[in-house]
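Read off the chains here:
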Amino acid sequence: MTQSVLSLDDLAAGVPDGALLALPPDNSLPPSALVRALVRRGVRGLRLLGVPVSGMVTDLLIGAGCVASVQSSAVSLGEAGTAPRFTAALAAGSIEMIDATCPAIHTMLQAAEKGVPFMPLRGVLGSDLLAHRPDWRVIDNPFDHDDPILLLPALSPDVAAFHAVLADAHGNVWVGRRRELATLAHAAKRTLVTVERIVADSLLDDERMAPGTIAATYIEAIAVVEHGAWPIALLDEYEADSAHIAEYARLARSDAGFRAYLDSHVFARSAAAAE
Amino acid sequence: MIAPEKRGIITPEERLACVLARLILDPAAPPARHIAVGAASPIPAAACWLVRTLGHDVRLSLLHKRTGNPFTEGSRELFDLAGQGRIDLFFLGGGQIDGAGNINLIGTGEWPGRTTRFPGSFGSAFMYTVVPRTILFREEHSRRVLVPRVDHVSAAGSPQALVTGRCVFRFASRFTLASLHPGESATSVRDNTGFAYESPPEVPTTPEPSEQELQLLRGPVRVEMLETYPGFCRRVWGEN
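All values derive from a computational prediction rather than experimental measurement. In this numbering scheme, every chain counts its residues from 1 along its sequence in written order. A letter from A marks each chain and a number from 1 marks each ligand, given out in the order of writing. Note on the predicted model: pLDDT of at least 70 is required for a residue's local features to be given, and 80 or more for side-chain atom pairs to be given and counted; whole-chain, interface and lining totals, by contrast, use all residues. Neither water nor hydrogens contribute to the side-chain values; these are computed over all heavy atoms in the structure.

Student: It is not clear to me how the overall build of chain B should be interpreted in this structure. Could you clarify?
Tutor: Counting its regular elements, chain B contains 7 helices and 12 strands. Taken over C-alpha atoms, the radius of gyration comes to 18 Å for chain B, in line with the 18 Å a tight globule of 240 residues would show. The principal-axis extent of the C-alpha atoms belonging to chain B is close to 45 × 45 × 35 Å. For each residue, the accessible area found with a 1.4 Å probe, counting protein chains only, is set against the maximum for its type, and the residue is called buried under 20%, exposed over 50%, and partly exposed in between. Expressed as a percentage of its 240 residues, the buried residues of chain B come to 57%. Helix and strand labels come from DSSP, where a helix needs a run of H or I of at least four residues and a strand needs a run of E of at least two; each type is numbered from the N terminus. As a reference, a globule follows 2.2 Å times the number of residues to the power 0.38, and the radius of gyration itself is taken over C-alpha atoms.

If you want it as C-alpha cells, here you go:
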C-alpha cells in the first residue's frame, strides 16, 4: 500500500478535535507548519503529549485555544526562555497539566510499541510526581525482595506528528538519529508527517539511510512542506531562526501581542500561502 | 581572540566553570568516567570540556550537541544508559532547592505551580536517583531559590555539591558551606540562603582559575562550545 501525499491542509484535517496528539520538542523535528495549519483550521480540545518535553508549537497551540491538556516532562522555549502562553494558561486554569519525567514518557511509548500493558522504570520514587499520577503504580519487584519499582501504563497517542527531511515515493520517512520518533510512530495509532522533499529511490534500499528510516508501515500520510520546521532548526538542513523565536517569546507575553503574532505569521494570507 | 577589554577580567562564568571542573575531578568522589550534560547548561558543559582539555580521559555526552552527538537511539538512550549505571555524573538545577537536596522544577503554590510555574521536571526524577554523582548548579543564589522546603519535589537525591553564584556547598545529609566566591562573605551567604546549613568558623575563598585554565577556557573550550551555545560564547568571550 502506498501512502497518501496530501496537501498541508488535508493533512491537518486528519487531526480530529480532542485527539491525543504527540509532538516532539524543538530539537527533534517539530511539525511547525502543520501546527500553524491546525491553528488556522481551528482545531479544539487537543490533548498534547510532549515526547518527552514540549516546545514552541505546544505554546502556539495553547495560546490559540486549541488545547485541553498537556502531558509533558517540561514546556519551554529553550534558550528563548519560558513558554509564555503555557504559563498564562496554567495561571488562568484553562488547561490541565499532567506532569511527567522524560524516561517515563519514553517507557510508556515503548510499552505501547511492544503491545504490552505496562513497563517498569527505575528511579522517580522520591518525587511528588507520583502523588499526581494515579495511573502510575509502585509495586514490589516480583523477582526480588525489598525492591519497590514503578510501573507505567502503555500510552498510544491517537496521532503522532512531526516534520522530517525526507520521504521516498513508498512513504518511508527518514528521521536520522532522532530514533524517539520511530518509537513514537510505532506506538501511535496514526502518524502524520510533513517532509522537506520526496526522493524517488527507496530509502530502505540504501544501507546507509535504512537505519534512520521509519518504514511506511507506520506512516498514514505525508505532506511536502519546504521549511516545515521553521522557525525551528531541522538537523543539518537549516538553523533555527533565533530572531523570530525571540520575537515570538516577546510578543507571546501578552494576549494582544500573541494575537498580533498569530495575525502576522499564522493567519495572514501570505503566511498561509507560503505553506 | 578574546576581546581586549575582557582579557584581564575573570568572568563569573569562567570562575564557575573552574569550580565545577574541580568538583568533577574531586579525588574523594567515585571516578567520573562518563559525564552527561543536559539542555541549556553552558557552564557545566564548559566545565566538562575544561576537564577534557586538561587531559583527563572522560567521556562526555552533551545532549544538545548536534554534530558528534553520541546518541543514535534517540532521546531515550541517555536514560537507558543511566539506568544501567553507565553515566557517572550529571548536573541538575532547580527553580527551588532545599536544605535536604530536593529540587523543584514544577513551580510554586498549588500543584502544578499555580503561583509561579517552572518548565517541568525534565528527566530529573529519574537521573537524580540512578546516577551515582549529581552536582547541583544554580547561578542565582537567593532566598527565592534556596528555600527551607521546596513547594514540590521534582526529584530527591543526595548531591555531591551545590554550586551557586556566591559559594560552594558540600552535601552529606545536609549542606555545609565549603568555599566563598571572591566578594562574598559568610554573612552575604547567610542573608541570601533560605535553608539551614553547617558553616565552619573559617570558610576558604573559592580559588581563582589558574592561567592554564583560563587559556583553555578561552581557547579550545570556547571552540567546542560555539556550535551548541553561540549566545553564551558571545556573552562571555565576546564576538569572534
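From this point, things continue past the structure.
Student: Help me out: how do you make sense of the environment of His132 of chain A in this one?
Tutor: Its location among the elements puts His132 of chain A in the loop between strand S6 (118-121) and strand S7 (137-140). For the pair His132 of chain A and Asp99 of chain A, spaced 33 residues apart in sequence, the C-alpha separation works out to 7.9 Å.

Student: Would you explain helix H4 (residues 84-92) of chain A in this entry?
Tutor: Within the sequence span of H4 of chain A, burial applies to Pro84, Arg85, Phe86, Ala89 and Leu90 of chain A. When checking whether two residues touch, look at their non-hydrogen atoms; a contact exists if any pair is within 4.5 Å. If you follow the buried residues of H4 of chain A, they end up packed against helix H3 (56-63), strand S5 (96-99), helix H7 (242-251) and helix H8 (255-267) of chain A together with strand S7 (116-117) of chain B. Just past H4 of chain A, the residue Gly93 of chain A takes up positive phi, approximately 70°.

Student: Which parts of the structure should I look at to understand the side chain of Ser76 of chain A?
Tutor: Within the secondary structure, Ser76 of chain A sits in the loop between strand S4 (67-72) and H4. Looking at Ser76 of chain A, the relative accessible area reads 18%, which means it is buried. At a separation of 2.8 Å, a polar atom in the side chain of Ser76 of chain A contacts the main-chain amide nitrogen of Gly78 of chain A. When residues no more than four places from it in sequence are discounted, the contact partners of Ser76 of chain A are Asp26, Ser54, Gly55, Met56, Gly81 and Ala83 of chain A together with Pro119 of chain B. Polar contact is defined as a pair of N or O atoms within 3.5 Å, subject to the rule that within protein one atom must be able to donate a hydrogen and the other to accept it, and that residues adjacent in sequence are counted only when both atoms are side-chain atoms.

Student: Even after reading the chapter, I still don't get the sheet that holds strand S1 (residues 34-37) of chain B, so can you show me in this structure?
Tutor: Hydrogen bonds between backbone atoms are what pair the strands of a sheet, whose relative direction is either parallel or antiparallel. Residue and element names in this part refer to chain B. By definition, two strands form a pair when at least two bridges between them are found by DSSP. Across the sheet, 7 strands lie side by side as S2-S1-S3-S8-S10-S11-S12; this open sheet has mixed pairing. The open sheet has two edge strands, strand S2 (59-62) and strand S12 (174-180), and neither has a second partner. Looking at each pair of strands side by side, their axes are set apart by 20° on average, direction ignored. Note: strand S3 (residues 89-92) against strand S8 (residues 133-138), 4 bridges, orientation parallel. Pairing of Leu89 across the sheet is with Arg133, part of S8. Throughout, an axis means a line fitted to C-alpha atoms (over the contacting stretch in the case of helices), and angles, computed between N-to-C directions, take values from 0 to 180 degrees.

Student: Where do I start with helix H7 (residues 230-237) of chain B in this structure?
Tutor: The α-helix advances 3.6 residues per turn, and as a result positions three or four apart in sequence lie on the same side. Residues and elements named next belong to chain B. All buried positions along H7 are accounted for by Phe232, Cys233, Val236 and Trp237. Buried residues of H7, viewed axially, fall in a sector of 100°; they line one side. After H7 finishes, the residue Gly238 shows a positive phi value of roughly 80°. What the arc measures is the spread of directions leading from the helix axis to the C-beta atoms.

Student: Please explain the sheet that holds S6 of chain A as it appears in this structure.
Tutor: All names here are of chain A. Pairing in this open sheet of 3 strands is antiparallel, and the strands run S6-S8-S7 from one edge to the other. This sheet does not close on itself; its edge strands, each paired only once, are S6 and S7. Adjacent strand axes in the sheet meet at a mean angle of 40°, parallel and antiparallel pairs treated alike. The sheet contact formed by S7 and strand S8 (residues 148-153) spans 4 bridges and is antiparallel. Paired with Arg137 across the strands is Leu151, a residue of S8. Sheet strands in contact with helix H5 (residues 102-114) are S6 and S8, and its direction is about 145° off that of S6.

Student: Help me understand the environment of Ala233 of chain A, please; the structure alone is not making it clear to me.
Tutor: All names here are of chain A. Inspection of the secondary structure puts Ala233 in the loop between strand S13 (221-224) and H7. Note on Ala233: relative accessible area 26%, which makes it partly exposed. Taking the C-alpha atoms as reference points, Ala233 and Asn27, 206 residues apart in sequence, are found 7.3 Å from one another. In contact with Ala233, not counting residues within four places along its chain, are Tyr238, Glu239 and Ala240.

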